[in-house]
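Structure assessment
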Amino acid sequence: MTELEDIRPATVRFAPSPTGRIHIGNARTALFNWLFAKQHHGEFILRFDDTDLARSKTEHAEAILADLQWLGIAPDTVAWQSKRFDAYAGAAERLKAAGLLYPCFESGEELERRRKLRLARRLPPIYGREALKLSAEERQALEAEGRKPHWRFLLPNYADSPFETRRTEVHWDDVVRGPQTVDLASMSDPVLIREDGTYLYTLPSVVDDIEMAVSHIIRGDDHVTNTGAQIALFRALGSEAPAFGHHNLLTSVTGEGLSKRSNALSIGSLRDDGYEPMAINSLAVLIGTSESVAAMASMEALLEHFKPDFASKSAAKFDPAELTNLNRALVHELAYETVSDRLSELGIAGDAAEAFWLTVRKNVDFVKEAVRWWTIVEQGPDSAETLEDEDIDFVREAFSLLPPEPWDGETWSTWTAAVKAATGRKGRALFMPLRVALTGLRSGPELADLLPLIGRARTLDRQP
Ligand code: GLU
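Please read all numbers here as calculations on a predicted model, not as lab measurements.

Re the site of the ligand
Residues in contact with the ligand, as listed here, are Arg13, Ala15, Asp49, Tyr201, Arg219 and His223. Within the backbone of Ala15, one N or O atom sits 2.7 Å away from a nitrogen atom of the ligand. Asp49 places a side-chain nitrogen or oxygen 2.8 Å from a nitrogen atom of the ligand. Placement of the ligand is best described as lying within the largest pocket. Taken together, the residues of the shell around the ligand sort by class into 2 nonpolar, 1 polar and 3 charged.

Here you go:
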């Protein structure tokens, strides 16, 4: 890229079909687009690929929008393909008039039989354009029988006769993968319109990309093989193709593809589990790249690490344990102002809330886990962890030495110095029984910080 191209504003789109909730792999695509748009002072379009009216649902679209917003992605424009059928019909008519969209009547079984025949003859198993040979009468006869055509786009992979294809290279400089080449003679003419008149994804997508002046199509590398035909379709519709970028996909830990239908790794369920949006964003973007995976506290920080071509070529495994590590790292640093509303919803509010958060944040993986500590501070130990018999008298004696209020950050050391002098205990033998008596747990936040939060009265309530 020249410097000039670098600063030219980009228009990108994220184009999910609203057939379910988006998962972390979809978030990767959305984020690659979002970050790319930010780096190019560009525009981000959320386009719902909802031409499949049976499977697309408004509630899924709304949930996708909400999920993106929660992640920190605010689309500049939201578009719906279901509102643009006229534009697709117009484009289809233009292609038909130019002889570039032709009707085919083969059934699935027929196509499969031909495919096998070609394979047996060691020919590439691509469509042989048999339907192009039908005369007008033959077509009419088929239609009279009640057969409905599906429509294929005639790829420009021949010189004189469409039945004599020749190597036709299409090149693009993929913003993620670098220079790519496909041979249009190696693929079948794609079906653009099904028998029932519904559109496959290709034509609406290209029509919209032209009309919305999309400059960069950034998507998963499962679409690489579609790109050659799409570039040809852009040209057939009188437009130059935009730039393309294909990033590697994420799989589950066991290597399966992620699916919108399985809700388990959806953004919605990760949100319900308590993950921070930036933990998800950090992993969704940095996994499977040349950058190391680390928790980025903000989109701005993530932006500094993002380069579209840093993605590797092979799929990356998404491991929820890694997400928890990132979440922990973020939560440990979260400022009180950032979480105060959420804490308040969890019932953690009041004068002590800030000091409380700063005390416990390093001991939780998720913000919601602070509730347990709040209950311990406010109400006392919740666990079955009990004092050893030989410690009970020691703790009773220690409690009798509690300094008077006001309590502050020094109270713990004042108190334990007195306890040490009186009992001769020190180190773990001294503090562990006190920790167990105060919190019911053997580990947790610094007792020096917890003690003033608990206060003298509530401490005395914990005396064995
Ligand atoms: N709806 C398509 C998908 O989710 C969009 C692909 C594209 O970005 O072109 O796979």
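After presenting the structure, the write-up continues.
Focus: the layout of surface pockets
What the largest pocket holds in volume is close to 950 Å³. In terms of lining residues, the largest pocket is bounded by 37 residues, among which Ser17, Asn26, Asp222, His223 and Lys260 are the most central. Of all the secondary-structure elements, those providing two or more residues to the lining of the largest pocket are strand E1 (11-14), helix H2 (24-39), strand E9 (216-220) and strand E11 (250-251). If you tally residues by element for the lining of the largest pocket, the top one is H2, at 4 residues. Its residues assigned to classes, the lining of the largest pocket shows 10 nonpolar, 17 polar and 10 charged.

Considerations on the pattern of salt bridges
Scanning the entire structure with this criterion turns up 29 salt bridges. One salt bridge in this structure joins Asp221 and Arg177, with 3.8 Å as the shortest N-O distance. Here Asp221, found in the loop between E9 and helix H8 (224-236), pairs with Arg177, found in the loop between strand E6 (169-174) and strand E7 (178-183); they are 44 residues apart in sequence, far enough to count as distant. Each of the salt bridges in this network shares a partner with another, and the network as a whole consists of Arg13, Arg47, Asp49, Arg84, Asp208, Asp209 and Glu211.

Focus: the nonpolar core
Residues Leu68, Ile73, Ile280, Val285, Met299, Leu302 and Leu323 are the most contacted members of the largest nonpolar core, which totals 50 residues. Looking at which element gives the most residues to this core, the answer is H2, with 9 residues. Dropping the residues within four chain positions of it, Met299 is found in contact with Leu31, Trp34, Leu35, Leu71, Gly72, Ile73, Met278 and Asn281. Val395, Phe399, Leu441 and Leu453 belong to the second-largest nonpolar core, a separate cluster that totals 40 residues.

Things to note about the packing of aromatic side chains
Applying the stated criterion across every chain, the model contains 13 aromatic pairs. Considering the side-chain rings of Phe85 and Tyr199, the 6.3 Å spacing of their centres and the 20 degrees angle between planes classify their relative orientation as stacked. Taken as a pair, Phe85 in helix H4 (residues 85-97) and Tyr199 in the loop between strand E8 (191-193) and helix H7 (202-211) lie far apart in primary sequence, 114 residues in all. One aromatic cluster in this structure is built from Phe32, Phe306 and Phe310. Over the aromatic face of Trp34 sits the side chain of Lys38, whose NZ or CZ is 4.3 Å from the ring centroid.

Rules behind the numbers
Residues numbered from 1 in each chain as written. Predicted model: local features only at pLDDT ≥ 70, side-chain atom pairs only at ≥ 80, totals over all residues. Heavy atoms only, no water. Near = heavy atom within 4 Å. Polar contact = N/O pair within 3.5 Å; in protein donor to acceptor, adjacent residues only side chain to side chain. 1 Å grid on protein atoms, 1.4 Å probe; cavity = no way out; pocket = protein on both sides within 12 Å on 5 of 7 lines; lining within 4 Å. Sits in = over half its atoms within 2 Å of the grid points. Nonpolar A, V, L, I, M, F, W, Y, C, P; charged D, E, K, R; others polar. Points joined across faces, edges and corners; volume = space filled by probe spheres on them. Helix = DSSP H or I, 4+ residues; strand = E, 2+ residues; numbered from the N terminus. Salt bridge = Lys/Arg side-chain N within 4 Å of Asp/Glu carboxyl O. Core = buried A, V, L, I, M, F, W, Y, C linked by side-chain atoms within 4.5 Å. Buried < 20%, exposed > 50% of the residue type's maximum accessible area, 1.4 Å probe, protein only. Contact = heavy atoms within 4.5 Å. Phe/Tyr/Trp six-rings, centres within 6.5 Å; stacked < 30°, edge-to-face > 60°. Lys NZ or Arg CZ within 6 Å of the ring centre and 35° of its normal.

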